[in-house]
Amino acid sequence: MQSTDRHPIHLTILRRGDTNIVDLDEVDALIPRSETQVDGAFLQEIAAEVVRLTAPGYHSGDGLDLRGSLSQAPEAAVQDLQRIGSLIYSHLLTEPARKKLRTSDPCELYLRLDEQLIHIPWELCHDGKEFLATKFHVGRQVITGYPIPTPTAKRTVTGMLRVLLVVDPTESLPEAGKEAERLSTLLDNVPGVEVTLIGGRGARKVPLLSALQDHDVVHFAGHSYYDPENPSRSGWRLAEGVLTAGELSKLTTPP
């Protein structure tokens, strides 16, 4: 993806009943708003199918079979994700949003998501040519009605900036390792930065919480989990379970 000086795109997706309300925050005086009906059960099926497609050992016959058979070959896996991504793109977005994303040049894309929609892998939206994640610099913001906690203590950085890389705790994302290598190489060349890497099954809950206390910045490359009934139980998936938002919120000096 090429860098660009274009204005960023702010795409807001709200959830009201069985309706997705989509706003495109433009620089013009008028902001277009559009709606599309999406059944809640369909949202859950989409999310569950992506989990199945990316799970280790996924084999033919599991879940929604879009091609008649599923293969673990990399090319076939990409095709499977493209097909799911095209469903997300065509069924969960409105035509104004699809047109904007399809015709825009690469730029920053901010997804402002209703908390009911954060379990959907919007970054996999596929317009027939590209995934959002490969065309844009994608970031997420969550729109929530829950009180937003404030840190109990403000971290003061003195001396070295300590960066913690948490990589693929479930050992199911090979590309996350390559991402960590690139980040390590990049940060190792920055004066005043000290990098620590915790990866795979070594990312256990108690040691990880301790490491988070001792670092200034954390980068997590792995799967997340969302509990709509109790959001504080949402969090990072580890090999042994979930490091929850509730547990993270108790850190006295969070990164």
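What counts as what
Residues numbered from 1 in each chain as written. Predicted model: local features only at pLDDT ≥ 70, side-chain atom pairs only at ≥ 80, totals over all residues. Heavy atoms only, no water. Pairing = 2+ DSSP bridges. Helix = DSSP H or I, 4+ residues; strand = E, 2+ residues; numbered from the N terminus. Axes fitted to C-alpha atoms, helices over the stretch in contact; angles between N-to-C directions. pLDDT = per-residue confidence, 0-100. Contact = heavy atoms within 4.5 Å. Core = buried A, V, L, I, M, F, W, Y, C linked by side-chain atoms within 4.5 Å. Buried < 20%, exposed > 50% of the residue type's maximum accessible area, 1.4 Å probe, protein only. Salt bridge = Lys/Arg side-chain N within 4 Å of Asp/Glu carboxyl O. Phe/Tyr/Trp six-rings, centres within 6.5 Å; stacked < 30°, edge-to-face > 60°. Expected span 1.5 Å × (residues − 1). Arc of directions from axis to C-beta.

**Some thoughts on the sheet that holds strand S5 (residues 137–143)**
- Ordered in space as S3-S2-S1-S4-S5, the five strands form an open sheet in which the pairing is mixed. Sheet topology places strand S3 (33–37) and S5 at the edges, where each strand pairs with a single neighbour. Each strand axis lies, on average, 20° off the axis of its neighbour in the sheet, ignoring direction.
- As paired elements, strand S4 (residues 108–114) and S5 share seven bridges and run parallel to each other. Its bridge partner lying in S5, leucine 111 is registered against arginine 140.

**With respect to the confidence of the model for the chain**
- On average, residues of the chain carry a pLDDT of 85, and 85% of them reach 70 or more.
- Segment residues 59–71 is flagged for pLDDT under 50; beyond a separation of four residues in sequence, or across chains, it makes 25 contacts in the model.

**Regarding the side chain of threonine 36**
- Following the sequence through the fold, threonine 36 ends up in strand S3.
- Every residue in contact with threonine 36, bar those within four places of it in the chain, is listed here: Asp18, Thr19, Asn20, His91, Leu92, Leu93 and Thr94.

**Some details on the nonpolar core**
- By size, the foremost hydrophobic cluster in this structure holds 32 residues, and its most contacted members are Leu11, Ile13, Ile88, Leu93, Leu109 and Trp122.
- Looking at this core, the elements with two or more residues in it are strand S1 (9–16), strand S2 (19–25), helix H1 (40–54), helix H2 (74–92), helix H3 (95–103) and S4.
- Residue contributions to this core peak at six residues, all from H2.
- Val166, Ala211, Trp236 and Leu251 belong to the second largest nonpolar core, which has 12 residues in total.

**Points about the pattern of salt bridges**
- Applying the stated criterion to the full structure yields 11 salt bridges.
- Note that arginine 15 and aspartate 18 form a salt bridge whose closest N and O atoms lie 3.6 Å from each other.
- With relative accessibility at 5%, the residue arginine 15 sits in the buried group.
- Of the charged contacts in the structure, one is a salt bridge between aspartate 216 and arginine 162, with a shortest N-O distance of 3.5 Å. Of this pair, aspartate 216 sits in the loop between helix H6 (205–213) and strand S8 (217–221) while arginine 162 sits in strand S6 (residues 161–167), placing them 54 residues apart in sequence.
- A residue is classified by how much of its surface remains accessible, and arginine 162, at 29% relative accessible area, is partly exposed.
- Members of the salt-bridge network, linked through shared partners, are Glu95, Arg98 and Arg102.

**Regarding the packing of aromatic side chains**
- Here the structure, examined in full by the defined rule, presents one aromatic pair.
- Seen in terms of ring centroids, phenylalanine 220 and tryptophan 236 are 4.3 Å apart; in terms of plane orientation they differ by 5°. Their pairing is stacked. Taken as a pair, phenylalanine 220 in strand S8 and tryptophan 236 in strand S10 (residues 235–238) lie far apart in primary sequence, 16 residues in all. Per residue, the accessibility class of phenylalanine 220 equals that of tryptophan 236, and both read buried.

**Concerning H1**
- Its 15 residues give H1 an end-to-end C-alpha distance of 22 Å, which sits within 8% of 21 Å, the value for a rise of 1.5 Å per residue.
- Listed in full, the buried residues belonging to H1 are Leu43, Ile46, Ala47, Glu49, Val50 and Leu53. Buried residues along H1 cover an arc of 160° about the axis, so they all sit on one side. Those residues of H1 that are exposed and aimed more than 90 degrees away from the buried face are Glu45 and Val51.

**Digging into unusual backbone geometry**
- Non-glycine residue aspartate 168 carries a positive phi angle of around 45°.
- With respect to the helices, strands and loops of the structure, aspartate 168 is situated in the loop between S6 and helix H5 (174–188).
- Not every positive phi belongs to a glycine, and glutamate 171 is a case in point at roughly 55°.
- The residue glutamate 171 is located in the loop between S6 and H5 in this model.
- By relative accessible area, which is 47% here, glutamate 171 ends up partly exposed.

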